[in-house]
Amino acid sequence: MRAIEVSGLTKVFEVREKSPGLAGSVRAIVSPSVREVQAVNGISFQVDEGEMLAFIGPNGAGKSTTIKMLTGILYPTQGRATVLGVTPWEDRQRLAGRIGCVFGQRSQLWYHLPPCDTFELLAHVYDIPKPVYCDRLNMLVDRFELGEFMRTPVRKLSLGQRMRCEIAASLLHGPRVLFLDEPTIGLDVVAKRAIRELIRQMNREEGVTVFLTSHDVGDMEELCRRVMIISHGELILDTSVSALRRDYLRFKIVRVRLADAIDRFEMRGVTVAKHKQTNLKLSVDTDVASIDDVLTELMRHARIADITIADPPTEQVIADIYGRGASEALGGR
Amino acid sequence: MGGAAWEAGFVWEHFKFNLASAMEYKWSFVSQVVFMVLNDFLLLFFWWLIFGKVQDIGGWTFADVIAMHAVLAAAYGLSVSVFGNVNRLARIIAEGQLDYYLLLPRNPLLHALVSRSDISGLGDAAFGLAALCLFTPVTWGRLALFIAVSVAACTVYTCFAVITGSIAFFIGNAQTISLQLLGALITFGGYPDSIFKGLVRAVLYSVVPVGFVVYLPVSLLRNFSAARFSGLLAFTVAMVWAARCLFAVGLRRYESGNLVSAKI
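Cut-off values and rules
- Residues numbered from 1 in each chain as written.
- Chains lettered and ligands numbered in written order.
- Predicted model: local features only at pLDDT ≥ 70, side-chain atom pairs only at ≥ 80, totals over all residues.
- Heavy atoms only, no water.
- Helix = DSSP H or I, 4+ residues; strand = E, 2+ residues; numbered from the N terminus.
- Rg over C-alpha atoms; globule rule 2.2 N^0.38 Å.
- Contact = heavy atoms within 4.5 Å.
- Areas by Shrake-Rupley, 256 points an atom, 1.4 Å probe, with all protein chains shown as cover.
- Lys, Arg positive; Asp, Glu negative; His and termini not counted.
- Charge placed at Lys NZ, Arg CZ, Asp CG, Glu CD.
- Buried < 20%, exposed > 50% of the residue type's maximum accessible area, 1.4 Å probe, protein only.
- Pairing = 2+ DSSP bridges.
- Axes fitted to C-alpha atoms, helices over the stretch in contact; angles between N-to-C directions.
- Buried area = accessible area lost by both parts, 1.4 Å probe.
- Salt bridge = Lys/Arg side-chain N within 4 Å of Asp/Glu carboxyl O.
- Domains from an automatic or database assignment.
- Core = buried A, V, L, I, M, F, W, Y, C linked by side-chain atoms within 4.5 Å.
- Phe/Tyr/Trp six-rings, centres within 6.5 Å; stacked < 30°, edge-to-face > 60°.
- Lys NZ or Arg CZ within 6 Å of the ring centre and 35° of its normal.
- Expected span 1.5 Å × (residues − 1).
- Patch = residues over 30% accessible without salt bridge, like charges linked within 9 Å, V, L, I, M, F, W, Y side chains within 5 Å.

(A) Structural view of the overall build of chain B. Counting its secondary structure elements, chain B contains 13 helices and one strand. Ordered by position from N to C terminus, the α and β elements of chain B give α-α-α-α-α-α-α-α-α-α-α-α-α-β. Computed over the C-alpha atoms, the radius of gyration of chain B is 19 Å, within 12% of the 18 Å expected from 2.2 N^0.38 for a compact globule of 264 residues. Judged by the C-alpha coordinates and their principal axes, chain B covers about 60 × 45 × 35 Å. Sequence separation of at least 24 residues holds for 77% of the intrachain contacts in chain B that already meet a minimum separation of 6. As displayed, chain B offers around 11,800 Å² of accessible surface, 70% of which is attributable to carbon and sulfur atoms. When the 16 positive and 12 negative side-chain charges of chain B are each reduced to one mean point, those points stand 4 Å apart.

If you want it as structure tokens, here you go:
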């Protein structure tokens, strides 16, 4: 069963442009210049129920615009989409009762009131019957460990506590799909780990479909098995997180300790990142030089005492994919 | 009617919630309400000085002017205390802050309006009721009529604010033009309609509907007529329809935004 189906979804914005300064402002009034910006360009994909999917891309790639169309905030210029069988922009209110949204940079909690008051209000907004609300709230308070600050005004909570409340608030009505836009932004390592564990738990126990956007690769690696990368409004990659690391890894990091010191090491496709007597850290472009060739070349210079070969951080992999652009990376799945 | 009761309950819950939020700072809450009442009564003092020199202004007596200010204050006070975002709608639209309301299973226009409360409006509403009771002859019937016309006037004001705010969907930043039109309504609503003639009077019963927020309600308090009361109700319904339609059409052009925000 599909939770989300998208076909040829496109959004074009009209952007007014003006030259700098007062003269530019006057000219813009007399003869306005309007440019069309293709924020999302004919993307198509499906998400199964219960799936946890990372939807990533650089700033301005079209991630938030896509989420806003899937939640009914924006009308698309072209294309079709259904979320839980509902076209979001045509039946937004009905869909809103079945999805939950967390925007890391926009709070739905009332700043001067404690979280328990916001939860109470949301129960009215979602029209949740009192006994159902009480059961659900108790479960969320217990699971998210909100008890100790449920009666503390939101303005006095830490960012991590606030984000736990935000996610609990978005789950109050038992949504089937959860849209998370930068849920761990600004959090420390411990808080991030806690939030990720809670999301994983809700997915496992309630089968909630999770559609996640984040600039934190850790969110993607720890939560999702599938990743979609969007760049310049186009879907450039749709693959599993493990395949992303395997197939799109171009560089390997080789750390080697030699038995004898060497003066220098040079080879095409190899960059020496660090060289201190017998210790070398090499970045190998495997498109140019194989690991075999590098080791053979090293052993021509000196005996190898120790060696480790590692993948570069996923951030680097993703940056590499952004850099390669749409044409090269298409057809990944 | 079930739908209307459901929406009324929703509005009431938000009003209680906003009140609780404002009471977090109790001295700020009390001072806002008390000083607004004092401010409004000070305005009456100036009219009292004027009516010390003249008997009436274009047929309006001091009691009529008090009724005028009572209706205007009650209508405005009810509007901004219950629909607290009413004067900020253009900014909310232009800055993309409607997102939050569009993500919830409620009417986004109503939700956006009620999710904030201007507490000083309670002072205006209290002044309106107190001024009418203290300075004009009061009967239960007249009190009921005052409440009825004030609610209608509040609805017309709120809808006019929604219409002017919805201009933001079409031209972007419309906060200034919206506030200017609302300011014009309040300003003209502070003077008897008998001093306005011809085209100005026509404008005050159409483009800037002061006539239906203040003059017609006051005329009903001066001399009740079922026909004019029906006219007020019909205009109120038409304004509700127009405001909802314009907002719905504008929503298709909504462009969202990425402003970092919190619910305060």
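(B) Summary view of unusual backbone geometry. All names here are of chain A. Phi is positive for E182, which is not a glycine, with a value near 55°. With respect to the helices and strands, the residue E182 is situated in the loop between β7 (177-181) and α7 (189-206). You can call E182 buried: its relative accessible area is 11%. One non-glycine residue with positive phi stands out, namely H232, at about 50°. Residue position: H232 is located in the loop between β9 (226-231) and β10 (234-240). Judged by relative accessible area, H232 falls into the exposed class, the value being 70%.

(C) How the structure looks around the sheet that holds strand β12 (residues 270-276) of chain A. Residues and elements named next belong to chain A. As summarised here, the arrangement of the four strands in space is β12-β13-β11-β14, forming an open sheet in which the pairing is antiparallel. Whereas interior strands pair on both sides, the edge strands pair on one side only; in this sheet they are β12 and β14 (304-310). Looking at each pair of strands side by side, their axes are set apart by 15° on average, direction ignored. Sheet topology note: the β12/strand β13 (residues 279-285) ladder contains six bridges and is antiparallel. Looking at β13, one finds that T271 is bridged to S283.

(D) Layout of the interface of chain A and chain B. On the chain B side, the residues contacting the 32 residues of chain A number 36 residues. A buried area of about 3,300 Å², summed over both sides, lies between chain A and chain B, and 60% of it is on carbon and sulfur atoms. At the surface where chain A touches chain B, the tally comes to two salt bridges. Those elements that provide at least two residues to the side of chain A that touches chain B are β1 (2-17), α3 (92-96), β5 (99-103), β6 (106-110) and α4 (115-125) of chain A.

(E) Representation of the domain arrangement of chain A within the structure. Segmentation of chain A into domains returns domain 1 (2-245) and domain 2 (250-310). Just the C-alpha atoms count here: the centres of domain 1 of chain A and domain 2 of chain A sit 44 Å apart.

(F) Just the nonpolar core, in detail. Grouped together as the largest cluster of nonpolar side chains are 170 residues, with contacts concentrated most on I4(A), F211(A) and L98(B). With 13 residues, helix α8 (residues 140-166) of chain B is the largest single contributor of residues to this core. For I4(A), the contacting residues outside a window of four places in its chain are F45(A), Q46(A), V47(A), L70(A), T82(A), V83(A), V177(A), F179(A) and F211(A).

(G) Quick look at the sheet that holds β1(A). Residues and elements named next belong to chain A. Strand order in the open sheet made by the three strands is β2-β1-β4, with antiparallel pairing throughout. With partners counted over all chains shown, the strands left at the sheet margins are β2 (33-48) and β4 (78-83), one partner each. Neighbour to neighbour, the strand axes of the sheet diverge by 25° on average, direction disregarded. Pairing analysis gives twelve bridges linking β1 to β2, with the strands arranged antiparallel.

(H) Here's a closer look at the pattern of salt bridges. Enumeration over the complete set of coordinates arrives at 19 salt bridges over all chains. Between E51(A) and R226(A) there is a salt bridge whose closest N-O contact spans 3.1 Å. With E51(A) in the loop between β2 and β3 (52-56) and R226(A) in strand β9, this residue pair connects regions lying 175 residues apart in the sequence. Across the pair, R226(A) and E51(A) agree in class, each one buried. E24(B) is the partner of R155(A) in a salt bridge, and the nearest nitrogen-oxygen pair spans 3.9 Å. Residue R155(A) is found in the loop between α5 (130-143) and α6 (159-171), and its partner E24(B) is found in the loop between α1 (2-22) and α2 (26-53); the two belong to separate chains. Among the residues examined, E24(B) registers a relative accessible area of 33% and is labelled partly exposed. The network of salt bridges with common partners includes E51(A), R226(A) and D238(A).

(I) Examining the packing of aromatic side chains more closely. All names here are of chain B. Taken as a whole and judged by the stated rule, the model has 22 aromatic pairs over all chains. Summarising the aromatic geometry, the rings of Y100 and Y101 are spaced 5.2 Å apart at their centres and angled 80° between planes, so their arrangement reads as edge-to-face. The pair Y100 / Y101 is uniform in exposure class, with both members buried. Centre to centre, the rings of Y205 and F212 are 5.7 Å apart; their planes meet at 80°, and the pair counts as edge-to-face. Positioned above the aromatic ring of W6, the side-chain terminus of R106 is 3.7 Å from the ring centre.

(J) Structural context of helix α3 (residues 62-82) of chain B. With 21 residues, α3(B) ought to run about 30 Å at 1.5 Å a step, and its terminal C-alpha atoms sit 30 Å apart, in line with that. Across the 21 residues of α3(B), 17 count as buried, placing the element largely inside the fold.

(K) Just a nonpolar patch on the surface, in detail. On the surface, L42(B), L43(B), F45(B), F46(B), W48(B) and L49(B) cluster together into a nonpolar patch covering about 610 Å² of accessible area. Tracing the sequence through the fold places L43(B) in helix α2.

(L) Structural context of the pairing of β5(A). Residues and elements named next belong to chain A. Extensive coverage of β5 is indicated by the burial of five of its five residues. Burial along β5 is two-sided: the residues I99, C101 and F103 and G100 and V102 are all buried. Pairing between β5 and β7: five bridges, direction parallel. In the strand pairing of β7, V102 is matched with L180.

(M) Main features of the environment of I309(A). Residues and elements named next belong to chain A. Its place among the elements puts I309 in strand β14. We classify I309 as partly exposed; its relative accessible area is 43%. Between the C-alpha atoms of I309 and S283, which are 26 residues apart in sequence, the distance is 9.9 Å.

(N) Summary view of the environment of Y76(B). Residue and element names in this part refer to chain B. Of note, Y76 is situated in helix α3. Judged by its relative accessible area of 23%, Y76 falls in the partly exposed class. Note: C-alpha distance between Y76 and V213 (137 residues apart in sequence) is 9.2 Å. Other than its neighbours up to four places away in sequence, Y76 contacts N87, D124, Y157 and I186.

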